[in-house]
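Structural features, examined
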Amino acid sequence: MTSRKTYHHGDLRQAVLDAALDVIAAEGPGALSLRDLARRAGVSHAAPAHHFKDRTGLLTAIAAEGYDLLAAALAGTPELRERGVRYVRFATDHPAHFQVMFQPELLRTDDPDLVAVKERASAELRAGVADLPDVPDARAAGIAAWSLAHGFATLLLTRNITAALGDQGPEEYFRSLTGLLFTGQLATGSSD
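Everything in this summary refers to the structure shown in the same document. Every residue gets a number counted from 1 within its own chain, in the order that chain's sequence is written. Given that this is a predicted model, residues contribute local features only at a pLDDT of at least 70 and side-chain atom pairs are listed and counted only at 80 or more, while totals for whole chains, interfaces and linings are drawn from all residues. To obtain the side-chain values, all non-hydrogen atoms of the structure were included, while hydrogens and water were left out.

**Some words on helix H7 (residues 112-130)**
The cut-off we apply is this: Per the convention used, a helix needs a DSSP run of H or I reaching at least four residues, while a strand needs a run of E reaching at least two, with both numbered from the N terminus. Each residue after the first adds 1.5 Å to the expected span of a helix. We call two residues in contact when some of their heavy atoms are within 4.5 Å. Polar contact criterion, stated in full: a pair of N or O atoms within 3.5 Å, where within protein one must be able to donate a hydrogen and the other to accept it, and residues adjacent in sequence count only if both atoms are side-chain atoms.
For H7, spanning 19 residues, the distance from its first C-alpha to its last is 27 Å, which sits close to the expected 27 Å at 1.5 Å a residue. Against the buried residues of H7 lie helix H4 (55-74), helix H5 (80-93) and helix H8 (138-157). The opening residue of H7, the one whose side-chain oxygen lies 3.2 Å from the backbone nitrogen of Asp113, is Asp111.

Laid out in structure tokens, this is it:
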């Protein structure tokens, strides 16, 4: 009789996701290898494929987790400016997720879990525009607001605006920026 040795890792799926996020944060999504992630997690090279099938499946799971985190970050914030601040905060708190979420060529865009959480995050983004007064085109206003927050977050993560921030933190600077663009005055103070 042959005895089979089994290995119990605990939450292997999450261990592989965490290792992947570390790699992406340090080297970008192009550096991911399931074999390397298995080594980092201390499991057989086939173990990650059991949960994700392949690299695309892993990146899709990371994107889905990111959209879920983004939706949670935006929830319960009625004011559009503060939704933008939370978007920027999400990007700085979860830079590896942020890198993967907006690269559809890396993902299975028809994955049901991804589609569901992406729609939830989109609904939270749109909700910030719903209460704006005198907006003739809510869809265009939503895209403009998202573009501002996403562009600022991207420039921040790629260290293209570090010097421009000066002594201000990114969230405070973003509030000032939105005040300048939408009211013609620099916004002061913070409400979050």
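Structure's up, so let's keep going.
**Side note on the packing of helix H1 (residues 12-27) against H4**
This is how it is decided: Lines fitted to C-alpha atoms define the axes here, with helix axes fitted over just the stretch in contact, and angles between the N-to-C directions of these axes take values from 0 to 180 degrees. Should an angle fall under 35 degrees it is called roughly parallel, over 145 degrees roughly antiparallel, and 65 to 115 degrees roughly perpendicular, with every other angle called oblique. For this classification, the nonpolar set comprises Ala, Val, Leu, Ile, Met, Phe, Trp, Tyr, Cys and Pro, the charged set comprises Asp, Glu, Lys and Arg, and every other residue, Gly included, is treated as polar.
Remark: H1 packs on H4, axes separated minimally by 11 Å, with the N-to-C direction vectors making an angle of 90°. Judged by the inter-axis angle, H1 sits roughly perpendicular to H4. On the side of H1, the interface is formed by Arg13, Gln14, Val16, Leu17, Ala20, Leu21 and Ile24, while H4 contributes Leu58, Leu59, Ala61, Ile62 and Glu65. In the contact of H1 with H4, the residues fall into 9 nonpolar, 1 polar and 2 charged.

**With respect to the environment of Ala20**
As for its placement among the helices and strands, Ala20 is situated in helix H1. Taking the C-alpha atoms as reference, Ala20 lies 9.8 Å from Ala41; in sequence the two are 21 residues apart. Filtering out sequence-adjacent residues up to four positions away, Ala20 remains in contact with Leu32, Leu37, Leu58 and Ile62.

**Quick word on the packing of H4 against H7**
As a reminder, the rule being used: It is the rotation of the near helix from the far one that decides the hand of a crossing: anticlockwise by less than a right angle makes it left-handed, clockwise makes it right-handed.
Viewed as axis vectors pointing N to C, H4 and H7 meet at an angle of 25°, and their least axial separation amounts to 8 Å. With respect to their mutual orientation, H4 and H7 come out roughly parallel. As H4 packs across H7, the resulting crossing turns out to be left-handed. Together, Thr60, Ala63, Ala64, Tyr67, Asp68, Leu70, Ala71, Ala72 and Leu74 of H4 and Leu114, Val117, Lys118, Arg120, Ala121, Glu124 and Leu125 of H7 make up the contact between the two elements.

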